[in-house]
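Chain and residue survey
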Amino acid sequence: MKALTWHGRRDVRVESVPDPAIKEPTDAVVRLTSTAICGSDLHLYELLGPFMTEGDIMGHEPIGIVEEVGAEVDHIRPGDRVVIPFNISCGHCAMCGMKLFAQCETTQVREYGTGAALFGYTKLYGHVPGAQAEFLRVPQAQFGPIKVPEGPPDERFLYLSDVLPTAWQAVDFADIPEGGSVTVLGLGPVGQMCARIARHLGRRVIGVDLVPERLEMARRHDIEIVDAGPPHTAHDVVEMVREKTQGRGTDSVIDAVGMEAHGSPVAKMAHTLTGWMPDRAAAPLMSRMGVDRLAALHQAIEIVRRGGTISIIGVYGGMTDPLPMLQMFDKGITVRMGQAHVKRWIDDLLPLVTDDADPLGVMDLATHHLPLEQAPQGYEIFQKKQDGAIKVVLHPTS
C-alpha cells in the first residue's frame, strides 16, 4: 500500500509499505477514504524527531470502510463505515471503566511512562503505524471504531476521530459558568471547534489568533475575535480581552495553541537546537528540560479572571517548563488538561454531526483536500500557514 512515512525533520514521503494484516483477534483492517493532518502531526514534522524511527507511518485522524475483522470483534463487520479514535483503548480496564480512555492500562506505554497508545505518534506512544495510508490495522477494534451512517460526505464524521472530541473535552474542562465567557487562544482546527461548541452551548466566546484566514473563519461562525497580529503585543491582547469583560477577564480560557506558540524566543531556540541534535542526545534533553514555547499559556494566566479556569488542550512536551506559580496561586486559578478521552464524548457529538443543519459547521473547516500522494505538500503549507491552510484532508482511496 501507499503511506506517508517520516524520514527526518521536515522530510515526509509517500512510499510503498507492506499491507497491514490481522495479528490479534481484537484487530480490524480498515480501508481509509479520508485522513486528516493534525496540528500535533507538525510536532513530529518539526520537533519530536528524536522519538521517531525512519519509515514510521504518520497520522491519526481517519475514516474508512472495514475490510476485515478479528474473531473477537463483533460490533463492526466488513463493509461498515467507521471513524477511528486517535487513542487506542480497550474499553474494559480500570481507567476505561472511569471513561479515562486516554489513560487505558491495556495499551499504556509503560516503557516511557506515558498513557494509552496513539496511532502514528512516536515511540513515546506505542510506535503504532499511523493512518495517513491506504489501509490501517486497528488494535482493540472490539471497542475503538465508531460506526457512522452511509451517505453523507466523510467530513461530516471525520473529525470525530480527534478534533471534535478534543474540542468538546476542552470546553467541558473549561467549566464555563452558565451565561459565562471564554477566551479561546489559537483558532486552528481545534480552536475553531472549541469556539463553535462553546457558542452552541450558549456561552460568550472571544477567539484570539494572528492569522487572517483563521480570524475570518471564526467571524463566519459569529465568534468575537481579537487580532493578535502585528502591531499588537501579547500585553495588548490581554488588555483587549479585559476591555471586553469589564476589566476582569473571561471566566475561562482555553489554550488551543500549545508548544508552537509565537512569542517565546528562548524556547524557540530550544526547539531549533533539539531539532538539529543527534537523536541520542536530543531525546534525553527533551525528556528532562523545558522546551515549550509558553507564550500562550502565560497569556491565558493573564487573561482568565480571578477564580477562573484554564483548559489546556494544545500539546506541551517539556518536563521542567517554568510557570508563574505565585500568580496562579494568587488568582486562584483552576487548570485542567490532557489528551482527549475520545469515546467519552461521542454520544454528545453524534447527534450534532448527523444533523443536516450542521450546527457545528463541520463542513466549513477543511480548506484543502489532497490525494495522499500530495501529503508532503499538505504538510508544508499547513506548517507554514500558506495558501490559507487551516485544515488539510488527505484522500488515500475512494
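Residues numbered from 1 in each chain as written. Predicted model: local features only at pLDDT ≥ 70, side-chain atom pairs only at ≥ 80, totals over all residues. Heavy atoms only, no water.

**Digging into helix α6 (residues 212-220)**
To be explicit about the condition: Throughout this description, buried means an accessible area under 20% of the type-specific maximum (1.4 Å probe, protein chains only), exposed means over 50%, and partly exposed covers the range between. Strands are runs of DSSP state E lasting at least 2 residues, helices are runs of H or I lasting at least 4, and numbering of each runs from the N terminus. This arc is taken over the directions from the axis of the helix to the C-beta atoms. Pairs of residues are marked as contacts when any of their non-hydrogen atoms sit within 4.5 Å.
The complete set of buried residues in α6 reads Arg 214, Leu 215, Met 217 and Ala 218. Buried residues of α6 fall within an arc of 160 degrees about the axis and therefore sit on the same side. The inward-facing, buried residues of α6 abut α5 (189-200), β9 (204-209) and β10 (224-227). Backbone geometry just downstream of α6 places Asp 222 in the positive-phi region, at approximately 60 degrees.

**A closer look at the nonpolar core**
What counts, and what does not: For our purposes a nonpolar core is just a set of buried Ala, Val, Leu, Ile, Met, Phe, Trp, Tyr and Cys residues, chained together by side-chain atoms within 4.5 Å.
Ranked by internal contacts, the top residues of the largest apolar core, which has 72 residues, are Tyr 159, Leu 160, Leu 164 and Ile 254. The dominant element in this core, judged by the number of residues it contributes, is helix α4 (residues 163-174), at 7 residues. Once you skip the residues sitting within four places of it in the chain, Tyr 159 turns out to touch Leu 164, Pro 165, Val 362, Leu 365, Ala 366, Lys 391 and Val 393. Among the nonpolar cores identified, the runner-up in size contains 19 residues, and Val 208, Val 237, Met 328 and Ile 333 belong to it.

**Regarding the packing of aromatic side chains**
Using the following cut-off: Stacked, tilted and edge-to-face are the three classes applied to pairs of Phe, Tyr and Trp rings, where Trp contributes its six-membered ring and a pair requires centres within 6.5 Å; stacked means planes under 30 degrees apart, edge-to-face means over 60, and tilted covers the rest. Note on criteria: charge over ring means Lys NZ or Arg CZ within 6 Å of the ring centre, with the direction from the centre no more than 35 degrees off the ring normal.
Tallied over the entire structure, the rule returns 3 aromatic pairs. Aromatic pair Tyr 45 and Tyr 379: ring centres 5.3 Å apart, planes at 40 degrees, arrangement tilted. With Tyr 45 in helix α1 (residues 41-46) and Tyr 379 in helix α13 (residues 375-383), this residue pair connects regions lying 334 residues apart in the sequence. According to the relative accessible area criterion, Tyr 45 is buried, its value standing at 5%. Here the aromatic rings of Phe 101 and Phe 143 are separated by 5.3 Å at their centres, their planes lie at 45 degrees, and the arrangement is tilted. Pair noted here: Phe 101 is in the loop between α2 (94-97) and β6 (135-138) and Phe 143 is in the loop between β6 and β7 (146-147), with a separation of 42 residues, a long-range link. Side by side, Phe 101 and Phe 143 carry an identical accessibility label, which is buried. Between Arg 336 and the ring centre of Phe 173, over which it is positioned, the NZ or CZ distance is 3.8 Å. If you follow Lys 343 out to its NZ or CZ, it ends over the ring of Phe 143, 4.2 Å from the centre.

**Topic: the environment of Ile 310**
Tracing the backbone shows Ile 310 in strand β12 (residues 309-312). With 225 residues separating them along the chain, Ile 310 and Pro 85 place their C-alpha atoms 25 Å apart. Dropping the residues within four chain positions of it, Ile 310 is found in contact with Val 253, Leu 297, Ala 300, Ile 301, Val 304, Ile 333, Thr 334, Val 335 and Arg 336.

**Some thoughts on a negative patch on the surface**
Using the following cut-off: Surface patches are drawn from residues lacking salt bridges whose relative accessible area is over 30%; two like charges belong together within 9 Å, two nonpolar side chains (Val, Leu, Ile, Met, Phe, Trp, Tyr) within 5 Å. Only the protein chains shown count as cover for residues, and the accessible areas themselves come from Shrake-Rupley with a 1.4 Å probe. By salt bridge we mean one thing: a side-chain nitrogen of Lys or Arg within 4 Å of a carboxyl oxygen of Asp or Glu. Counting rule applied: Lys, Arg positive; Asp, Glu negative; His and chain ends not counted. Working definition for charges: the position is that of NZ of Lys, CZ of Arg, CG of Asp or CD of Glu.
Residues Asp 172, Asp 175, Asp 347 and Asp 348 make up a contiguous surface patch of negative charge. By the element assignment, Asp 347 lies in helix α12 (residues 346-353). Among the residues examined, Asp 347 registers a relative accessible area of 68% and is labelled exposed.

**Notes on the side chain of Thr 114**
To be explicit about the condition: Polar contact is defined as a pair of N or O atoms within 3.5 Å, subject to the rule that within protein one atom must be able to donate a hydrogen and the other to accept it, and that residues adjacent in sequence are counted only when both atoms are side-chain atoms.
By secondary structure assignment, the location of Thr 114 is in the loop between α2 and β6. Separated by 2.4 Å, the side chain of Thr 114 and the backbone oxygen of Leu 124 make a polar contact. Among residues more than four places away in sequence, those in contact with Thr 114 are Gln 108, Val 109, Leu 124 and Tyr 125.

**Quick word on the pairing of β10**
Applicable threshold: Whether two strands pair comes down to DSSP finding at least two bridges between them. Looking down the strands as they point away from you, a crossover is right-handed if its path from the first strand over the helix to the second goes clockwise.
Alignment of β9 against β10, held across 4 bridges, turns out to be parallel. Across the sheet, residue Ile 206 finds its bridge partner in β10, namely Glu 224. Taking the sense of rotation as the criterion, the β-α-β connection linking β9, α6 and β10 turns out right-handed.

**Considerations on the packing of α4 against α12**
Note the cut-off: Note on geometry: axes are lines fitted to C-alpha atoms, helical ones only across the stretch in contact, with angles between N-to-C directions running from 0 to 180 degrees. Each angle is binned into one of four classes, with values under 35 degrees roughly parallel, values over 145 roughly antiparallel, values of 65 to 115 roughly perpendicular, and all other values oblique. Left-handed describes a crossing in which the near helix is turned anticlockwise from the far one by less than a right angle; the clockwise case is right-handed. Basically, the charged four are Asp, Glu, Lys and Arg, the nonpolar ten are Ala, Val, Leu, Ile, Met, Phe, Trp, Tyr, Cys and Pro, and anything else, Gly included, counts as polar.
Closest axis-to-axis distance for the α4/α12 pair is 10 Å, and the angle between their directions is 120 degrees. Here α12 runs oblique to α4, going by the angle between their axes. Read as a crossing pair, α4 and α12 show a hand that is right-handed. Facing Leu 164, Pro 165 and Trp 168 of α4, the residues of α12 in contact are Asp 348, Leu 349, Leu 352 and Val 353. Of the residues in the contact of α4 with α12, the class split is 6 nonpolar, no polar and 1 charged.

**Considering empty space enclosed by the protein**
Going by this rule: Buriedness for pockets is judged along seven lines, at least five of which must meet protein on both sides within 12 Å for an open set on the 1 Å grid over protein atoms alone, while cavities are sets there where a 1.4 Å probe fits but cannot get out, and lining residues have an atom within 4 Å of a point. Grid points are joined across faces, edges and corners, and a volume is the space filled by probe spheres set on the points.
Within the structure shown, the criterion is met by 1 cavity of 30 Å³ or more. Around the largest cavity, the lining residues are Ile 84, Pro 85, Asn 87, Ile 88, Ser 89, Phe 119, Val 138, Pro 139, Gln 140, Gly 144, Pro 145 and Lys 343. Class assignment of the residues belonging to the lining of the largest cavity gives a composition of 7 nonpolar, 4 polar and 1 charged.

**Some remarks on the sheet that holds strand β11 (residues 252-255)**
The 6 strands lie next to each other as β10-β9-β8-β11-β12-β13, forming an open sheet whose pairing is parallel. Pairing within the sheet leaves two strands with one partner each, and these edge strands are β10 and β13 (334-337). Strand-to-strand twist in this sheet, taken as the mean axis angle between neighbours without regard to direction, amounts to 20 degrees. The pairing of strand β8 (residues 181-185) with β9 spans 5 bridges and is classified as parallel. Counted as the bridge partner of Val 184 is Gly 207 from β9. Across the sheet, α4 is in contact with β11, β12 and β13; its angle to β12 comes to roughly 160 degrees. Against the sheet, α5 contacts β8, β9 and β11, and its axis sits at roughly 170 degrees relative to β8.

**Overview of the pattern of salt bridges**
One pass over the full model with this rule turns up 19 salt bridges. Shared partners join several salt bridges into a network, and the residues in it are Arg 9, Arg 10 and Glu 46.

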